[in-house]
Amino acid sequence: MIKVEENVSLKSYNTFGIEAKTARFVAFKSIPELLDALKLRQANESILVLGGGSNILLTQDFDGLVLKNELKGIELIREDDEHIWIKSMAGESWHQFVLHCIENNWAGVENLSLIPGTVGAAPMQNIGAYGIEIKDVFESLEALEIESQKTKTFTSEECAFGYRESIFKTDLKGKYIITSVTFKLKKEPEFNTSYGAIQETLDQMGVSELSIKAISDAVIHIRQSKLPDPAKIGNAGSFFKNPTIDTLDYEGLKAEFPSIPGYKQAENKVKVPAAWLIEQAGWKGKTFGEIGVHKNQPLVLVNYGNGKGNDIKNLAFEIQASVASKFGIELTPEVNII
Ligand code: EPU
């Protein structure tokens, strides 16, 4: 039986560790429990679905119903000579799912090791790291439409994946609850070690024979050395997206700031690392009372303990303003501000 709790603190349900309360809270462990929970929804009551709470910034108490997704289970649903189709329920921890795949020698998600959050939240923002995005291994997902309470299967195309984007952050925002995700993984791995420090880390680790476990270990090592552990310092990973600008604008900036990094994209566009822009604007490692900008990765804003959501939001505004005035580039938050 599901139980609605009232006036619940969300501090332990968001990786930023922000204190905010929700008027009502219910956790669901099965689809029938989710349907029961939706029946308890009051007229026009706002709904906030929480997975791992690793991509939200709470700036106020929530006057609605929080639905905590605790759907669990991973199953092999199909295989052929080369591929394996794995369905995971949305409430599984993303990293535990990755480890499960590695143990079974199912390849494709090893570069996405140690990303906080749940499986169901992963396609919402097309999580990515070290050269791989979830869209590269995605087969389909099932989601319940809140209004009709009907289940719909979404193909990759229907999810409209982009860089840290999907239809669930745009046109269908707040309309569906993702209940499961099916991945198409490989029996024979295709190693992807070209991004950043992966190869260098593998060499340092003395890895002579490449495996998906070795890549996962290297990614875990890099993440642990650069990114704050949300269990110790509150954070939601990258706070902003890396901006994409026109090649002409990039060339103009390059003349003024010769060391500006840039990665060529399609159609005369260049992606510029937000971390570099924020560091150059002088924010790296800065602390303001309970909050700050991380010392190793300035794209990550942190809460040292009792930071307030609004203070972090204001810090983000100040960073945006200073990057805009120094470089003429608009930074867009990646985190959902609530
Ligand atoms: N950089 C600096 N100063 C720093 C750190 C980085 O100037 O202190 C510059 C360097 O030029 C560096 C570049 O930023 O080459 C890129 O840095 P990094 O490889 O750390 O990646 P990122 O672009 O900052 C993105 C993702 C991360 C993901 C990493 C690795 C976004 C918004 N973030 O960060 O994802 O882990 O690549 O693939 O795309 C997240 O989304 O929450 C997240 C952590």
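Just so it is clear, the model here is predicted, and its values are computed rather than measured.

Colleague: Which parts of the structure should I look at to understand the overall build of the protein chain?
Modeller: Counting its secondary structure elements, the protein chain contains 8 helices and 20 strands. Here the protein chain has a C-alpha radius of gyration of 21 Å; the compact-globule value for 338 residues is 20 Å, and the two agree. Principal axes of the C-alpha set define a box for the protein chain whose edges measure 60 × 50 × 40 Å. Relative to its full complement of 338 residues, the protein chain shows a buried share of 48%. Residue pairs in contact within the protein chain that sit at least 24 positions apart in sequence constitute 60% of those at least 6 positions apart. For the protein chain, the separation between the mean place of its 36 positive charges and that of its 45 negative charges on side chains is 4 Å.

Colleague: Before we go on, may I ask you to explain the domain arrangement of the protein chain in this structure?
Modeller: A common way to express how large an interface is: the accessible area buried when the components associate. What the domain assignment lists for the protein chain is domain 1 (5–69), domain 2 (74–186) and domain 3 (234–337). Distance from the C-alpha centre of domain 2 to the C-alpha centre of domain 3: 27 Å. For the pair domain 2 and domain 3, the summed buried area comes to about 540 Å², and 36% of that belongs to carbon and sulfur atoms. The largest share of the area that domain 2 buries against domain 3 comes from Y163, R164 and K169, three residues that together contribute 76% of it. Our count for the domain 2 to domain 3 interface comes out at 2 salt bridges.

Colleague: What is the right way to look at the side chain of S216 in this model?
Modeller: Looking at where S216 falls in the secondary structure, it is placed in helix 5 (residues 212–226). Separated by 2.8 Å, the side chains of S216 and S113 make a polar contact. Discounting chain neighbours no more than four positions away, the residues touching S216 are I102, E110 and S113.

Colleague: Is there a simple way to explain the site of the ligand in this structure?
Modeller: In the vicinity of the ligand, 25 residues are found, and the nearest of them are Y130, Y163, E279, K284 and E334. Between an oxygen atom of the ligand and a main-chain N or O atom of S238, the distance comes to 2.8 Å. Residue E279 places a side-chain N or O atom 2.6 Å away from a nitrogen atom belonging to the ligand. When the ligand sits alone it has 820 Å² of accessible area, and the protein chains cover 81% of it. Within the residue set of the shell around the ligand, elements represented by two or more residues are strand 8 (128–129), helix 5, strand 13 (234–238) and helix 7 (274–280). Here the shell around the ligand gets 3 residues from one element, more than from any other, and that element is helix 7.

Colleague: When you look at the environment of G328 in this model, what are you seeing that I'm missing?
Modeller: Checked against the element boundaries, G328 lands in the loop between helix 8 (309–327) and strand 20 (336–337). For G328, a relative accessible area of 62% corresponds to the exposed category. It is 9.2 Å that separates the C-alpha atoms of G328 and L253, two residues lying 75 residues apart in sequence.

Colleague: Help me understand the sheet that holds strand 13, please; the structure alone is not making it clear to me.
Modeller: Where strands meet in a sheet, backbone hydrogen bonds hold them as pairs that are either parallel or antiparallel. Across the sheet, which stays open at both edges, the 4 strands sit in the order 13-19-18-17 with antiparallel pairing between neighbours. Since the sheet does not close on itself, it has two edges, and those belong to strand 13 and strand 17 (287–288), each with one partner. Across 3 bridges, the pairing between strand 18 (residues 291–293) and strand 19 (residues 300–303) is antiparallel. Among the inter-strand pairings, I291 is bridged to a residue of strand 19, identified as N303.

Colleague: Would you take a moment to explain the sheet that holds strand 15 (residues 263–265) for this structure?
Modeller: The 3 strands are arranged 14-16-15 in an open sheet whose pairing can be described as antiparallel. Lying at the two open borders of the sheet, with one neighbouring strand each, are strand 14 (244–246) and strand 15. Strand after strand, the sheet turns through a mean of 40° between neighbouring axes, direction not considered. Here strand 15 pairs with strand 16 (residues 269–271) via 3 bridges, running antiparallel. From the neighbouring strand, K264 faces strand 16, where its bridge partner is V270. Sitting on the sheet, helix 6 (residues 247–256) is in contact with strand 14 and strand 16, with an inclination near 90° to strand 14.

Colleague: Before we go on, may I ask you to explain the nonpolar core in this structure?
Modeller: Soluble globular proteins tend to bury their nonpolar side chains together. If you look at the biggest cluster of nonpolar residues, it comprises 43 residues, and the most contacted ones within it are W94, L141, F154, F168, F183 and L185. Of all the elements in the fold, those that place two or more residues in this core are strand 7 (83–89), helix 2 (94–103), strand 10 (138–145), strand 12 (176–186), helix 4 (198–204) and helix 5. With 6 residues, helix 5 is the largest single contributor of residues to this core. The next biggest cluster of nonpolar side chains, apart from the first, holds 42 residues, and it includes V66, L253, L299 and F327.

Colleague: For this particular structure, what's the right way to read the packing of aromatic side chains?
Modeller: The relation between two aromatic rings is expressed through the spacing of the ring centres and the mutual angle of the planes. In the structure shown here, the tally under the stated rule is 14 aromatic pairs. Arranged with centres 5.6 Å apart and planes meeting at 90°, the rings of Y130 and Y195 form a pair that is edge-to-face. A residue pair is termed long-range when its members are at least 10 positions apart, and Y130 in the loop between strand 8 and strand 9 (132–133) and Y195 in the loop between strand 12 and helix 4 qualify at 65 residues. On the numbers, 5.2 Å between centres and 70° between planes, the contact of F239 with F240 is edge-to-face. Given a relative accessible area of 0%, F239 falls into the buried group. On the basis of relative accessibility, which here comes to 1%, the residue F240 falls in the buried class.

Rules and cut-offs
Residues numbered from 1 in each chain as written. Predicted model: local features only at pLDDT ≥ 70, side-chain atom pairs only at ≥ 80, totals over all residues. Heavy atoms only, no water. Helix = DSSP H or I, 4+ residues; strand = E, 2+ residues; numbered from the N terminus. Rg over C-alpha atoms; globule rule 2.2 N^0.38 Å. Buried < 20%, exposed > 50% of the residue type's maximum accessible area, 1.4 Å probe, protein only. Contact = heavy atoms within 4.5 Å. Lys, Arg positive; Asp, Glu negative; His and termini not counted. Charge placed at Lys NZ, Arg CZ, Asp CG, Glu CD. Domains from an automatic or database assignment. Buried area = accessible area lost by both parts, 1.4 Å probe. Salt bridge = Lys/Arg side-chain N within 4 Å of Asp/Glu carboxyl O. Polar contact = N/O pair within 3.5 Å; in protein donor to acceptor, adjacent residues only side chain to side chain. Near = heavy atom within 4 Å. Areas by Shrake-Rupley, 256 points an atom, 1.4 Å probe, with all protein chains shown as cover. Pairing = 2+ DSSP bridges. Axes fitted to C-alpha atoms, helices over the stretch in contact; angles between N-to-C directions. Core = buried A, V, L, I, M, F, W, Y, C linked by side-chain atoms within 4.5 Å. Phe/Tyr/Trp six-rings, centres within 6.5 Å; stacked < 30°, edge-to-face > 60°.

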